[in-house]
Structure formats: C-alpha cells, structure tokens
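# Coordinate inspection notes
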Amino acid sequence: MEALRQARRERRALVGFSIYNLEQGLGVIRAAEAVGAPVLLQAGSSAFRYAGREPLAGLALGLAATAAVPAGVHLDHATDLGEIEACLRLGYTSVMFDGSARSLERNIEATREVVRRAHAAGAWVEAELAGIAGDEDESSGRQATATTDPGAAARFVAETGVDALAVAIGNVHGIGDEPVRLDLDLLARIGRAVEIPLVLHGASGLPPAEVSAAIALGVAKLNVNTELRHALREAVLARAADPPAGDGVAALLDPVIGATRSAAEAKIRAFSSPSASTTGSSS
Ligand SMILES: [Zn+2]
C-alpha cells in the first residue's frame with residue numbers, strides 16, 4: 001500500500017502486470033529489478049482458468065518473495081467473494097473487487113465487506129464503479145461506454161473505505177483498431193473529488209504522453225496485460241520459426257522471458273521509476 005501512496009505523492013505509477021505463467025512472471029520481476037522500482041504481479045480469475053489458482057498464485061507469490069525490489073501480488077477483477085477470501089488466505093497483498101455490474105448501493109455494500117476482510121488480512125483493496133469496456137484476456141475492439149461519475153466516486157470511496165479506485169474515462173481493455181482517447185477533464189474532476197490513488201486499466205497501447213498526463217492527475221497504478229501477451233506471442237512465433245538445436249526446455253522458452261522483460265521494462269522506466277515523475281499540474 002505504501003508503494004501505491006508514495007506513487008501518487010510523487011506523480012508516478014505502480015505498474016500491475018497480468019501474468020499467466022512462469023516465464024512472464026520472471027520477465028516482469030527482472031524488469032523491475034533492472035529499474036529498481038516496485039512492481040505488482042497480477043494473477044487473477046482468467047489466468048486461474050488456464051493455470052489453476054493455487055499453482056499460479058504460488059508461482060507469483062514465490063517470485064514476489066524472492067524479488068530484489070518490493071513486489072506485491074494482486075488479484076485483478078474478482079467478482080466472487082470466495083475467490084477473494086481464497087487469495088487473501090494464500091497471501092495476496094491486494095485484491096480488486098469488481099462490483100461494477102451491480103447498482104451503486106449494492107456495489108458499496110459488497111465493496112465495504114471486501115475492504116473489511118482484506119484489511120483484516122493486511123491487504124489493500126481496489127474497486128470499480130463504472131464498468132471498463134473490453135475483455136481482459138483478448139483485445140476485442142470494443143469502445144468505452146460508461147464513465148466514472150466524480151460525485152458517485154467520492155461517495156463510493158467515503159462509504160467503502162476502499163484504498164484505490166479504477167476509473168472509466170474512455171479506457172478500454174486490450175488494443176483495438178480505433179485509437180483510445182482518455183477524457184482527461186473527467187479524470188481531473190475525479191482526481192479532485194477523490195484523494196486515494198486512481199487506477200487506469202487498459203493502459204496497453206495508449207500514447208505515453210496520455211498516460212503521463214493521467215498520472216499527473218492522480219492515476220497511481222496502471223494495468224498492463226495486452227502488451228505482454230503480444231511480446232509473448234512474437235517471442236513464441238520467432239522461436240518456432242528458428243528453433244534451437246536439441247530438446248532443451250530453457251532454449252525454447254528463454255525468449256519469452258526476455259521479450260516480457262523488455263516490454264515490462266519499457267513501461268516501468270516510463271511510468272514507475274523516480275526519474276519518470278510527471279510534472280503536470282494536478283489542479
Ligand atoms: Zn481491468
């Protein structure tokens with residue numbers, strides 16, 4: 001939590017990278033270590049469907065525990081209280097409860113309960129008001145629809161005690177054909193209404209200047225998934241086109257670690273490292 005608060009104070013962003021396997025996790029941790037910046041590994045529902053909850057959680061927690069930089073493990077977009085409980089028991093350092101499909105009243109009620117349980121376990125909570133368009137695991141080309149209302153956000157934060165708030169300001173999960181434009185005026189109004197760190201989902205593929213502008217207005221956590229998937233895909237295809245001799249596992253899979261590291265390091269250098277502090281006005 002301290003890394004997140006510090007990020008907002010210093011106009012930087014902690015980057016949460018979604019991972020689905022060991023090679024991606026290793027690449028992310030090596031990137032954070034190379035920059036000397038804190039990082040979050042995000043291992044959530046959709047990746048659990050691929051790898052299993054306990055195996056993937058164990059992998060992420062083990063990587064975070066042995067990292068040479070502060071590293072947390074975050075549950076992204078959970079809608080199920082049972083899953084949140086299970087991850088808190090496993091040792092997750094933060095969880096995101098996504099109650100955006102509920103009415104504001106019911107979202108407040110459910111989020112407050114998640115906050116109570118997570119805080120008791122020493123974890124912090126991110127929550128969401130308006131749904132963020134698109135699919136978390138595959139680029140869908142969908143457009144953003146609902147946006148976060150600053151007044152509702154202020155009430156939501158006050159009544160739930162949540163630690164971070166994911167905003168819908170035109171951002172979309174995945175990378176589509178149409179360029180995404182963030183509504184920075186809306187973000188500025190949300191940033192004035194809400195003092196806690198804001199979270200930008202769907203940060204893959206946004207122009208760096210736009211992300212920096214969002215950080216200057218209160219975004220202190222970025223979620224990146226698509227760019228790591230693209231790095232993995234390119235590394236796998238390139239390896240397959242030019243296979244190494246023999247049947248060693250490391251020679252085949254090493255490129256995934258390297259490609260993930262490069263993609264993650266670019267994001268961390270741009271938005272997380274102390275030298276990345278944005279100087280824009282937060283007024
Ligand atoms: Zn998301």
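All figures in this text were calculated on a predicted structure; none of them were measured in a lab. (Residues numbered from 1 in each chain as written. Predicted model: local features only at pLDDT ≥ 70, side-chain atom pairs only at ≥ 80, totals over all residues. Heavy atoms only, no water.)

## Topic: the pairing of strand S5 (residues 124-128)
This is how it is decided: Each residue gets one of three labels from its accessible area relative to the maximum for its type: buried under 20%, exposed over 50%, partly exposed in between, using a 1.4 Å probe on protein chains only. The secondary structure listing takes helices from DSSP runs of H or I that are at least 4 residues long and strands from runs of E that are at least 2 residues long, numbered from the N terminus. Strand pairing requires that DSSP identify at least two bridges connecting the strands. By definition, the crossover connecting two strands over a helix is right-handed if that path, from the first strand to the second, turns clockwise as seen with the strands pointing away from the viewer.
Of all five residues that make up S5, five are buried, and the element is covered over most of its length. Side chains of S5 alternate between two faces, with Trp-124, Glu-126 and Glu-128 and Val-125 and Ala-127 buried alike. For strand S4 (residues 94-98) and S5, the ladder comprises five bridges, and the chain directions are parallel. Bridge pairing links Ser-94 to Trp-124 in S5. Crossover connection from S4 via helix H6 (residues 104-120) to parallel S5: handedness right-handed. Sheet analysis places S5 next to strand S6 (residues 164-167), joined by three bridges and oriented parallel.

## Concerning the coordination of the zinc ion
To be explicit about the condition: Because water is not among the atoms used, a metal site may look incomplete, as its donors are only the N, O and S atoms within 2.8 Å, or 3.2 Å for Na, K and Ca.
On the protein side, the zinc ion has His-77 (NE2), His-173 (NE2) and His-201 (ND1) as donor atoms, found 2.0 Å from it. Of note, the zinc ion draws all its donor residues from one chain, in the sequence arrangement H-x95-H-x27-H. Residue His-173 is found in the loop between S6 and helix H8 (184-193), and its partner His-201 is found in the loop between strand S7 (198-200) and helix H9 (208-216); the two are separated by 28 residues along the sequence. Neither residue differs from the other here; His-173 and His-201 are each classed as buried.

## What to know about the pairing of S6
Judged by which residues are buried, S6 turns out to be covered on both faces: Ala-164 and Ala-166 on one side and Leu-165 and Val-167 on the other are all buried. The sheet contact formed by S6 and S7 spans three bridges and is parallel. The residue bridging Leu-165 from the neighbouring strand is Leu-198, located in S7. A crossover links S6 with its parallel partner S7, the connecting element being H8, and its sense is right-handed.

## Digging into the environment of Ile-108
Its place among the elements puts Ile-108 in helix H6. For the pair formed by Ile-108 and Asp-185, sequence separation is 77 residues and the distance between their alpha carbons is 25 Å.

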